[in-house]
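Below, each chain spelled out in residue letters.
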Amino acid sequence: MSCVKDNELDRMRNEVLEITKEILRLVAKRQSLCAEIGKLKQAKGLSIEDPSAERILREAITKEALALGIEKDFAQRLTTQLIEECIKVQPKPPEKKVLTHRDIARMAEALERQGVRVIRMDVGEPDFRAPSVVVERAYQEMKAGRSRYTEPKGKQELRQAIADYVKMRFDADVKADQVIATMGGAFGVYLALASTVSPGDEVIVIDPSWPIYKSCVRYVGGRPIVLETRLEDGWEPNLDELNEKISAATKAIIMNYPSNPTGKALGKKTFKGIVEIAQDRKLTLISDEVYADYNFTGSEHNTVLNYPEVSYVLISSFSKSWGMTGFRVGFVISDLDRANKMAAIQSMLITCIPEFIQYAAIEALKCLDEAKKNSEVMRERAEAVCKALEPLPVSFYKPDGAMYVFPRIDVKGIDGSEFAVKLLENKNVSVAPGGAFGNYFNYFRMSLGQPKEVLVEGVKRIGEFLSTLS
Ligand code: PMP
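**Observations concerning the nonpolar core**
Part 1 of the reasoning: Within the largest apolar cluster, 67 residues are counted, with the highest numbers of intra-cluster contacts made by L193, L389, F419, V431, M446 and I462.
Part 2 of the reasoning: For L193, the contacting residues outside a window of four places in its chain are V203, Y213, C216, V217, V220, I254 and I286.
Part 3 of the reasoning: In this structure, A130, A138, I353 and A360 belong to the second largest nonpolar core, which totals 56 residues.

**Let's talk about the state of the cysteines**
Part 1 of the reasoning: Inspection of the entire model under this criterion finds one disulfide.
Part 2 of the reasoning: Between the sulfur atoms of C34 and its disulfide partner C86 the distance amounts to 2.3 Å. The sign of the -110° torsion about the S-S bond sets the C34-C86 disulfide as left-handed. Residue C34 is found in helix α1 (residues 2–44), and its partner C86 is found in helix α3 (residues 72–88); the two are separated by 52 residues along the sequence. Across this residue pair, the class does not change: C34 and C86 are buried.

**Structural notes on helix α13 (residues 368–389)**
Part 1 of the reasoning: The end-to-end C-alpha separation of α13 is 32 Å, in line with the 32 Å expected for 22 residues at 1.5 Å each.
Part 2 of the reasoning: For α13, the complete set of buried residues consists of A371, N374, S375, M378, R381, A382, A384, V385, C386 and L389.
Part 3 of the reasoning: On the buried face of α13, the contacting elements are β9 (394–395), β10 (404–405), β13 (444–447) and α15 (452–467).

**Focus: the environment of Q90**
Part 1 of the reasoning: Within the fold, Q90 resides in the loop between α3 and α4 (101–113).
Part 2 of the reasoning: The class for Q90 is buried, based on a relative accessible area of 5%.
Part 3 of the reasoning: Each C-alpha atom, one on Q90 and one on P126, is 43 Å from the other, the two residues being 36 residues apart in sequence.
Part 4 of the reasoning: Not counting residues up to four positions away in its chain, the partners in contact with Q90 are C34, G38, K41 and I48.
Part 5 of the reasoning: Reaching out from Q90, the side chain makes a polar contact with the side chain of K41 at a distance of 3.3 Å.

**Regarding the site of the ligand**
Part 1 of the reasoning: Taken together, 15 residues lie around the ligand, and G185, D288, Y291, S317 and S319 are the ones closest in.
Part 2 of the reasoning: At 2.6 Å from an oxygen atom of the ligand is found a main-chain nitrogen or oxygen belonging to G185.
Part 3 of the reasoning: Y291 is positioned with one of its side-chain polar atoms (N or O) 2.7 Å from an oxygen atom of the ligand.
Part 4 of the reasoning: Among the elements that line the shell around the ligand, the one with the most residues is helix α7 (residues 184–194), at three residues.
Part 5 of the reasoning: Of the residues assigned to the shell around the ligand, the class counts are six nonpolar, six polar and three charged.

**Considerations on the packing of α7 against helix α11 (residues 336–350)**
Part 1 of the reasoning: Viewed as axis vectors pointing N to C, α7 and α11 meet at an angle of 120°, and their least axial separation amounts to 9 Å. What the angle tells us is that α7 and α11 run oblique. The crossing of α7 and α11 is right-handed. Here α7 contributes F187, Y190, L191, A192 and A194 to the contact with α11, which in turn contributes M342, I345, Q346, L349 and I350.
Part 2 of the reasoning: A per-class count over the contact of α7 with α11 returns nine nonpolar, one polar and no charged.

**Some details on the sheet that holds strand β12 (residues 429–433)**
Part 1 of the reasoning: Read across the sheet, four strands follow the order β1-β12-β13-β10 without closing on themselves; strand pairing throughout is mixed. On the outer flanks of this sheet lie β1 (119–121) and β10, each paired with one strand and no other.
Part 2 of the reasoning: Here β10 runs beside β13; their pairing, made up of two bridges, is antiparallel. Bridging from a neighbouring strand, Y404 pairs with S447 of β13.
Part 3 of the reasoning: Together, β1, β12 and β13 form the strand contacts of α4, whose direction differs from that of β12 by roughly 165°.

**Quick notes on the packing of aromatic side chains**
Part 1 of the reasoning: Throughout the structure, instances matching the rule amount to 18 aromatic pairs.
Part 2 of the reasoning: Through a chain of ring-to-ring contacts, three or more aromatic side chains come together here, namely W235, F406, F437, Y440 and Y443.

**Focus: the pattern of salt bridges**
Part 1 of the reasoning: Here the structure, examined in full by the defined rule, presents 45 salt bridges.
Part 2 of the reasoning: For E8, the salt bridge is made with R11, and the minimal N-O distance between the two is 3.4 Å. Highlighted residues: E8 and R11, both in helix α1, separated by three residues, approximately one helical turn.
Part 3 of the reasoning: With relative accessibility at 43%, the residue R11 sits in the partly exposed group.
Part 4 of the reasoning: One salt bridge in this structure joins E84 and R223, with 3.4 Å as the shortest N-O distance. Residue E84 is located in helix α3, and its partner R223 is located in strand β4 (residues 223–228); the two are separated by 139 residues in the primary sequence.
Part 5 of the reasoning: The buried category is assigned to R223, whose relative accessible area is 3%.
Part 6 of the reasoning: Within the structure, one salt-bridge network assembled from shared partners comprises E49, E54, R58, E84, E202 and R223.

Thresholds, definitions, all that
- Residues numbered from 1 in each chain as written.
- Predicted model: local features only at pLDDT ≥ 70, side-chain atom pairs only at ≥ 80, totals over all residues.
- Heavy atoms only, no water.
- Core = buried A, V, L, I, M, F, W, Y, C linked by side-chain atoms within 4.5 Å.
- Buried < 20%, exposed > 50% of the residue type's maximum accessible area, 1.4 Å probe, protein only.
- Contact = heavy atoms within 4.5 Å.
- Disulfide = S-S within 2.5 Å.
- Helix = DSSP H or I, 4+ residues; strand = E, 2+ residues; numbered from the N terminus.
- Expected span 1.5 Å × (residues − 1).
- Polar contact = N/O pair within 3.5 Å; in protein donor to acceptor, adjacent residues only side chain to side chain.
- Near = heavy atom within 4 Å.
- Nonpolar A, V, L, I, M, F, W, Y, C, P; charged D, E, K, R; others polar.
- Axes fitted to C-alpha atoms, helices over the stretch in contact; angles between N-to-C directions.
- Parallel < 35°, antiparallel > 145°, perpendicular 65-115°, else oblique.
- Left-handed = near helix turned anticlockwise from the far one by under 90°.
- Pairing = 2+ DSSP bridges.
- Phe/Tyr/Trp six-rings, centres within 6.5 Å; stacked < 30°, edge-to-face > 60°.
- Salt bridge = Lys/Arg side-chain N within 4 Å of Asp/Glu carboxyl O.

Next comes the structure, spelled out in structure tokens:
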């Protein structure tokens, strides 16, 4: 009897094997067709990615999945993998070599080691020191032996302090259990994506954007879909275009206002518009608000915390507001289910953030004046830099917040990477090339993490360098 059953099992396993081979044969056929399509597109001068063709394909797949009784999300994820493989076999124009702020920083550091004084505007790090009470608290707690593991989300005392802080600062009602203390905002981005995205899911990224978003989406197996914004539109995202970018495979939108690199902050209407789209299309809105305190507009910071009806993850950090980059502490807030999911990932990867750092963070939350003062300093720097840029052959948006200016170089034929390297070599000024933030190759990003006088001197040298180009 059991022998008969075993034979049956073997027969079925063989059938599964044959079906899998058949699927592979079909994939091979699909791939060679895609290569042919690629050649045709190249001959006609069409771009490789074709959103309207993808939309038609995805709609048909959703219908087919329904008819076959296959889960729609699974069918869409599989479709994404097929689309990406198809893109891979199509002939591409030669890739542009894009340098990032890290590449330029490395070159600047090499010059510094040779004794050259470089005006550093590459890395997005404020020069502020952490408040002395914060340093003192970390030291005292470490001395008192508070260097143990804590619960993965962080100590209740810190999470309650963060919940109280967002209540006071944004009038947002969140419970301590929805809060997780993370290894900086950067790890918050990873937790948000890892808890939301399965391989093959799509995530909308609003460009120009902090490069980590796209790399992190890819790292968790997702596919970033870019919504470009334009200087001519004041970097305002177009909501119709956003709606069009959303497909049956989309799971989340990442947004970052005030923005790195543009300094754009959204008005309430657009912010709410994005929230409503996320809600309508059942997407998670991942809102990176690490620059919430660097706000020069005089009006309230718009935060996703004021829209608890949408599925969201807020990302925040102590790095910018209090000059605590090296403490590596930030936080995320979301609905409880997702917070538990993110806490499980954090627990698996790092257990928790250091206990004495958690106490330092509690202390920082009391230093509201310091955060205000830092914001005021950034505002003055942005003002001075924009004024100094005014006569130069560049166009830019005067930042509403954050700690960057993102000018376009209005000199024909210049590429941001080449510009950044030559500027460093010729004038010892380091900036981040625009291509690292998306399709903005004739832009560069200036970081305001230096005293005003140094920044203004940097702009003067940029002006001198630009005059040799035009
Ligand atoms: N988000 C944005 C937009 C950033 O620019 C940065 C830092 N450059 C971070 C998050 C992460 O900062 P941290 O990990 O130090 O909190």
